[in-house]
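# Architecture and fold: a report
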Amino acid sequence: MYLYNLTLQQATGIVCAINGSFSGGNKSQEIVVARGKVLELLRPDENGKIQTILSVDVFGAIRSLAHFRLTGAQKDYIVVGSDSGRIVILDYNKEKNVFDKIHQETFGKSGSRRIVPGQYLAIDPKGRAVMIGACEKQKLVYVLNRDTAARLTISSPLEAHKSHTITYSIAGVDCGFDNPIFAAIELDYSEADQDSTGQAANEAQKVLTFYELDLGLNHVSRKWSEQVDNGANMLVTVPGGGDGPSGVLVCAENFVIYKNQGHPDVRAVIPRRADLPAERGVLIVSATMHKQKSMFFFLLQTEYGDVFKVTLDHDNERVTELKIKYFDTIPVTSAMCVMKLGFLFGENGKMEIENGGDDEDKDDPLSDEQYGYPKAESDKWVSCIRVLDPKTTETTCLLELQDNEAAFSICTVNFHDKEYGTLLAVGTAKGLQFWPKRSLTAGYIHIYRFVKDGKSLELLHKTQVDGIPLALCQFQGRLLAGIGSILRLYDLGKRRLLRKCENKLFPNTINSIHTYRDRIYVGDIQESFHYCKYRRDENQLYVFADDSVPRWLTSAYHVDFDTMAGADKFGNIYFVRLPQDVSDEIEDDPTGGKIKWEQGKLNGAPNKVEEIVQFHVGDVVTCMQKASLIPGGTECVMYGTVMGSLGALLAFTSRDDVDFFSHLEMHMRQEHPPLCGRDHMAYRSAYFPVKDVIDGDLCEQYPTLPLDIQRKIADELDRTPAEILKKLEEVRNKIV
C-alpha cells in the first residue's frame, strides 16, 4: 500500500510571531508567524484586516523567531531557531515573493534536544549580535556585520555555555552602542544532582545573569549575576541608550520586577481576578513592547487572558516606579505584536489600541468580559452532553453533568433486547485529579434513551465502574467498555449494566475500541493495537495478535479486516496489518488461535502485526476518519491535528503513479532542500523510517521553483513541466 499525503488546511495555531518591516521601506509593517512547520508573512491593511502574503512549509519544527535591522538599514532580517541544529537568517524578497536564505550555520545535531540550541533567540537591539540558546547548558552568540558590498555577514559562533544549568528565558539588553549584553534566567542544578535527599533541589535558586559580548576581544563573558524570584519565567527588554533606562523586566509568578546591574529592584504585583482560587498563581505567558518617539509601554498577558499595560516612571537611568494597570481581556496568545497603525495582533486575531492605550475611565472587569469559564480548583470539573441538529446547527438538548463528573467517551448501542431501540452510552469520571497523583472518586457508564424523535435524551440508569471508561463500542448486541487496563463486555439490565465477560491482561490503559465482524481491535494508550476475539460458547475474550512496537496512541481508525491506522503523541501516523497467512490461519482454526494464546509465548500475543505505513506528520493527530470529499470520489483517510491542520492520505491505485511521484519527491529533496535547514527525509523519519508515503506537500512546492530547475527535474523524469503540473493537479482533484 502506497499513500500520498497532502495537507488540505494549514495549522491555525501560532507558535511564535514577530513584527517588523520585512519588505523594506519605513511605512510598511508586516508580521511573520510560525504555525508549527509553516512560516507565514502577514500584512494588515489600514482597517486591520490581515492578509497572507506568503506561506512556506519548512519541513521542520520552528521553535523561535526574532528579527533585527543593521544600523542605518531600511529593512529587517528574520532569524529562525528550529529543530535542524542550524541557525538560519532569511530575507523577504518582495519582487519574487519568497524568503531568501542569506545564512545557514550548523552548530549541533538535528531534533529538539535539551542541550542543542534553537529553543531561545535574543537579539542585540542595535542588530549587532544574536544569541541562540538551548533549554540546558549551551548558548551561542553570533556577531552580525556588513561586508564591503553591504551584504550581511555572520561570524563563527562564540560560546556562552554553562554546564548543569537550565535556561528559562533570554533577552537582549538595550545598552546603546556599548558592548552588546544578553540577559538570561538560569538555574544551576549541579548540587541537586548530587544530593539524593532532595534538600538541594528544594533550595535551588534561579539567577538573572548578564552575558557581555566584547566586540574588541571577540568573546563572551559572564558580567553580572544576581538571585531572582524562583517563579521567574520570562524576560522583556527595556529600551535604553537614550530612549529609556535599559535593563529588563523579569516576569515572575504574581510579580513583575524591573532589574538592572547596579540598580535596586523595582517590583509590582500583577492584579488578580476576584474569583481566582487562592491556590492559583498568576503567570505572564506573552509580552510585547511598543516604542514611540517620546514614550514606550509594555503589554503583558496572563495565562487567564488578561492583558496589563506596564509603564516605568524613570529619570534618565533611575527607575522610580513600575506601574501595572488592567488593559483588556483577549484569548490567551503565544505571542503579541503591537503595530504602528495602532493594532494589537494576538494569536486569535487582532484588536485596536487607541491613543497609545491610555484609557483612564476603563473599569477593571471580573466576570462579564472574561474569555472562557472561571478558573476552578485543580480537582473541579465541568462537562456536558449536547444533542446538535447538524442542518440548523441548533442545540436541541443540553445535559450538564452534576457532582463534579466529566464525560470521557460516548457511543450509540443497540442491545439484543430491542425494547428501547438505539441507546446512548456515555463514560464519565467523578472527582478526577492528575496531580499530585492520579486519583478519582468513581467512574460511571450512563445509558440514555432518545426521546422526541432523537432530539432529546432521558437517563435510563448509570452503572458505577472501577476506573475511567475511556473507550466504549457496540459489539454483537452488547456494550464493550475499556476501563483502565480491563476490557469488559456488558449487557443491558433493568437497573444497571450487567457484566458478562472481561479480560484484565492489557498492558496499561485502553483508549480506543473498534469492532468488525467477530474481531475486536483494542488500542492501548502506550502499547499500540491488540487484535482480540470473543468466544461466545466459552464466554471468553482473548488477544490473538499485537504490535511489537510501543506506541503512545492519540487516535485510531479501523481500515479493513486486517488493518488499523493509528497516530501517536510524537506526531507519527502509521498503519499496521495482520499478515494474510496468519489471518487465514486464525479464521480457519476452530479455536480461533486460542490454543496458542493459552501457551502465553512471546510476552503477550502469539502473533505480531506488521507496520506497513509510517510517516511523521510533525503535529499530534487527534482524529482520523475515512471519507470522500467529492461525490463519487476516491475515499481517503482524513486526519486533524492539535494545531488545527487537516490532512489526507490517498492510496495510489497504479504502480506508474507511485514511480512518478517517488521520483519527483526524490528530485525535490535534492534540488529544493527545506528553508530552515532540516533534511526532508530525516524530518519525515523523525521517530521511525518513513515507509510507503509520498509527501505531497513537498511535491506541490514544484511550481514555486525557478523555471530552469523545473525544466531540469522534468527532463530527469522524461516529462515536460506542464505534464508534471497536470499530474499534481490530478492527484489533488482526487482528494478535493
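These remarks concern the structure in this document. Just so you know, these numbers come straight off a predicted model, no measurement behind them.

What follows covers the sheet that holds strand 5 (residues 50–57). Judged by pairing direction, the sheet is antiparallel, and its four strands sit side by side in the order 2-3-4-5 without closing on themselves. One side of each edge strand has no neighbouring strand; the edge strands of this open sheet are strand 2 (16–20) and strand 5. Across the sheet, the mean angle from the axis of one strand to that of its neighbour is 20°, orientation sign disregarded. Sheet topology note: the strand 3 (residues 30–35)/strand 4 (residues 38–44) ladder contains five bridges and is antiparallel. Bridge assignment links I31 to a residue of strand 4, and that residue is L42.

Glancing now at the environment of T71. Here T71 is to be found in the loop between strand 6 (62–68) and strand 7 (77–82). The sequence separation of T71 and K126 amounts to 55 residues, and the corresponding C-alpha distance is 6.6 Å. With residues up to four places along the chain from it excluded, the contact list for T71 reads K126, R146 and F177.

Judged by side-chain polarity, W552, F570 and Y687 come together as a nonpolar surface patch covering roughly 300 Å² of accessible area. Looking at the secondary structure, you find Y687 in the loop between helix 6 (680–684) and strand 52 (693–695). Residue classification places Y687 among the partly exposed residues on the basis of a relative accessible area of 46%.

On the surface, D581, D584, D588 and E610 cluster together into a patch of negative charge. Sorting elements by how many residues they give to the negative patch places helix 3 (residues 580–588) first, with three residues. With respect to the helices, strands and loops of the structure, D584 is situated in helix 3.

Any two packed helices are characterised by the angle at which their axes cross and by the distance between the axes. The contact between helix 5 (residues 655–671) and helix 8 (residues 707–716) brings their axes to 10 Å, and the two run at 145°. For the element pair helix 5 and helix 8, the recorded crossing hand is right-handed. Residues L664, H667, M668 and E671 of helix 5 pack against I709, K712, I713 and E716 of helix 8. Considered class by class, the residues forming the contact of helix 5 with helix 8 number four nonpolar, one polar and three charged.

Attention now goes to the packing of aromatic side chains. All told, the structure shown has 17 aromatic pairs when counted by the stated rule. With a centroid separation of 5.0 Å and an interplanar angle of 80°, the aromatic rings of Y521 and Y531 are classed as edge-to-face. Taken as a pair, Y521 in strand 41 (residues 519–524) and Y531 in strand 42 (residues 528–535) lie far apart in primary sequence, 10 residues in all. With a relative accessible area of 1%, Y521 lands in the buried category. You can call Y531 buried: its relative accessible area is 0%. With 6.1 Å between their ring centres and 35° between their planes, F529 and Y574 make a pair best called tilted. Here F529 is found in strand 42, whereas its partner Y574 is found in strand 46 (residues 572–577), with 45 residues between them in sequence. Three or more aromatic residues link up through ring pairs in this structure, and these residues are Y4, F652, F660 and F661. Just above the ring of F177 sits the side chain of K126; from NZ or CZ to the centre is 5.3 Å. Directly above the ring of Y574 sits R551, whose terminal nitrogen or CZ lies 3.8 Å from the centroid.

Rules used throughout
- Residues numbered from 1 in each chain as written.
- Predicted model: local features only at pLDDT ≥ 70, side-chain atom pairs only at ≥ 80, totals over all residues.
- Heavy atoms only, no water.
- Pairing = 2+ DSSP bridges.
- Helix = DSSP H or I, 4+ residues; strand = E, 2+ residues; numbered from the N terminus.
- Axes fitted to C-alpha atoms, helices over the stretch in contact; angles between N-to-C directions.
- Contact = heavy atoms within 4.5 Å.
- Patch = residues over 30% accessible without salt bridge, like charges linked within 9 Å, V, L, I, M, F, W, Y side chains within 5 Å.
- Areas by Shrake-Rupley, 256 points an atom, 1.4 Å probe, with all protein chains shown as cover.
- Salt bridge = Lys/Arg side-chain N within 4 Å of Asp/Glu carboxyl O.
- Buried < 20%, exposed > 50% of the residue type's maximum accessible area, 1.4 Å probe, protein only.
- Lys, Arg positive; Asp, Glu negative; His and termini not counted.
- Charge placed at Lys NZ, Arg CZ, Asp CG, Glu CD.
- Left-handed = near helix turned anticlockwise from the far one by under 90°.
- Nonpolar A, V, L, I, M, F, W, Y, C, P; charged D, E, K, R; others polar.
- Phe/Tyr/Trp six-rings, centres within 6.5 Å; stacked < 30°, edge-to-face > 60°.
- Lys NZ or Arg CZ within 6 Å of the ring centre and 35° of its normal.

Everything listed is a geometric property; what it means functionally is a separate question.
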